Amino acid sequence: MPFKQLYSKLLSYFGFRDWWPGDSKLEICIGAILTQQTSWSNVERAIEKIKSNGYMNLERLAYLDISSLENLVRSTGFYKTKARYLQGFCKYVLEHYKSLDNLLSKPYEELRKELLGISGIGRETADSIILYASEQLSFVVDAYTKRVLKRVYGIEENDYEYIKALFESLIDKDLDLYKDFHAQIVELCKNICKSDPICSICPISSYCLYNRSELNTKKIKESH
DNA sequence: AACCAGGAGAGAG
DNA sequence: CTCTCTCATGGT
């Protein structure tokens, strides 16, 4: 299928996703770190805990004792690691920029390089923060993006920067498009490819190049 | 009851 | 640069 049709098909099926869910830029950054290798429902609990206890705040997170922070983010798994990541991020921002907005207002190249230098922020997390919190063009690549590339276009590629550049070269430079494209891919892989009987109404199923014998996970094998 | 989720870092080769 | 290991809770 022509690449341009991929997004329009997804959009017409799922509707505009209005990503990223979150009431503030800080919440988006924290969610981006907490959702690493973790389902979003588990992240929501942690974010609600942080908010209801009054800790959705750069300074308070930075100086909260680590064991209390671990307890707040326990539901996201890897909680000891993620507590350190979160606090490290908050302390870094405070010490170097005083406020989150000061960091996020930096231009793309500098911002991305700097985010990648912070422990716990890899490429996907950095790009999520740039796109959804800083609101600059930066296509987010995740496991789902790779899966769609493989299944719809037969491209089996693992190089993050290559895939990112590929998408960015093919789509219009529009902020809402960047945001929603990634959201649509997640929506597709989460709700369609995963659950069994839906495949018949999958918006792009007729374009998938691969049949069940060539898919990599058991659940996807069953649905296609 | 295995299997996996919107990854990242550290170490080895 | 490319593997491989580790981190760990909660849903199916």
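Structure first, text after, so check above.
Residues numbered from 1 in each chain as written. Chains lettered and ligands numbered in written order. Predicted model: local features only at pLDDT ≥ 70, side-chain atom pairs only at ≥ 80, totals over all residues. Heavy atoms only, no water.

Draft legend 1. Just the overall build of chain A, in detail. When you go through chain A residue by residue, the secondary structure sums to 13 helices and zero strands. Shown N-terminal to C-terminal, the secondary structure of chain A runs as helices and strands in the order α-α-α-α-α-α-α-α-α-α-α-α-α. The buried share of chain A, taken over its 224 residues, is 46%. Within chain A, residue pairs in contact and separated by at least 24 positions form 63% of the contacts whose partners lie at least 6 positions apart. (Helix = DSSP H or I, 4+ residues; strand = E, 2+ residues; numbered from the N terminus. Buried < 20%, exposed > 50% of the residue type's maximum accessible area, 1.4 Å probe, protein only. Contact = heavy atoms within 4.5 Å.)

Draft legend 2. Structural detail: helix α2 (residues 25–34). Burial analysis of α2 places nine of its 10 residues in the buried class, which makes it a mostly covered element. For α2, the elements touching its buried residues are α3 (40–52), α4 (58–63), α6 (79–97), α7 (100–104) and α9 (123–133).

Draft legend 3. Highlighting the protein's contact with DNA strand C. Close to DNA strand C lie Asn42, Arg45, Arg74, Ser75, Gly77, Phe78, Tyr79, Lys80 and Thr81. Each atom of DNA strand C within 4 Å of the protein belongs either to a base or to sugar and phosphate, the latter forming 58%. Here a sugar or linking oxygen of DNA strand C and a backbone polar atom of Phe78 are 2.8 Å apart. Between a phosphate oxygen of DNA strand C and a main-chain N or O atom of Thr81, the distance comes to 3.0 Å. Secondary-structure elements contributing two or more residues to the surface near DNA strand C are α3 and α6. (Near = heavy atom within 4 Å. Polar contact = N/O pair within 3.5 Å; in protein donor to acceptor, adjacent residues only side chain to side chain.)

Draft legend 4. Layout of the protein's contact with DNA strand B. Around DNA strand B, the structure places 22 residues, and the nearest of them are Trp20, Gln37, Gly120, Thr125 and Tyr144. The share of sugar and phosphate among atoms of DNA strand B within 4 Å of the protein is 66%. Separating a phosphate oxygen of DNA strand B from a backbone N or O atom of Ile121 is a distance of 3.5 Å. Here a phosphate oxygen of DNA strand B and a side-chain polar atom of Thr125 are 2.6 Å apart. For the surface near DNA strand B, the secondary-structure elements that each account for two or more residues are α9, α10 (143–153) and α12 (175–192). Counted by class, the surface near DNA strand B contains nine nonpolar, eight polar and five charged residues. (Nonpolar A, V, L, I, M, F, W, Y, C, P; charged D, E, K, R; others polar.)

Draft legend 5. Fine view of α10. Burial in α10 covers these residues: Thr145, Val148, Leu149, Lys150, Arg151 and Val152. Gly154 sits one or two residues past α10 and shows a positive phi near 70 degrees.

Draft legend 6. Molecular detail of the packing of aromatic side chains. Inspection of every chain in the model, using the stated rule, returns 13 aromatic pairs. Ring centres of Phe3 and Phe167 lie 5.3 Å apart, and the angle between their planes is 70 degrees; on these two criteria the pair is classed as edge-to-face. One end of the pair, Phe3, is in helix α1 (residues 3–14); the other, Phe167, is in helix α11 (residues 160–170), and 164 residues separate them in sequence. Residue Phe167 is classed as buried on the basis of its relative accessible area, which comes to 1%. Seen from their ring centres, Trp19 and Tyr132 are 6.2 Å apart, and the 70 degrees between their planes marks the pair as edge-to-face. (Phe/Tyr/Trp six-rings, centres within 6.5 Å; stacked < 30°, edge-to-face > 60°.)

Draft legend 7. Inspection of the nonpolar core at higher detail. Of all hydrophobic cores here, the largest spans 62 residues; its most connected members are Phe89, Leu115 and Phe181. In this view, Phe181 contacts Phe3, Leu6, Tyr7, Phe139, Phe167 and Ile171; residues no more than four positions away in its chain are not counted. (Core = buried A, V, L, I, M, F, W, Y, C linked by side-chain atoms within 4.5 Å.)

Draft legend 8. Structural detail: the pattern of salt bridges. Applying the stated criterion across every chain yields a total of 11 salt bridges. Put simply, Glu114 and Lys106 hold a salt bridge, and the shortest N to O gap is 2.9 Å. The burial state of Glu114 is the same as that of Lys106; both residues are buried. Where Lys164 meets Glu168, a salt bridge forms, and the shortest distance between an N and an O atom there is 3.1 Å. Placement of both Lys164 and Glu168 in helix α11 is noted, with a separation of four residues, approximately one turn of the helix. For Lys164, a relative accessible area of 3% puts it in the buried group. Residue Glu168 is classed as buried on the basis of its relative accessible area, which comes to 18%. In the salt-bridge network here, residues are joined through shared partners; they are Arg112, Asp127, Glu161, Lys164 and Glu168. (Salt bridge = Lys/Arg side-chain N within 4 Å of Asp/Glu carboxyl O.)

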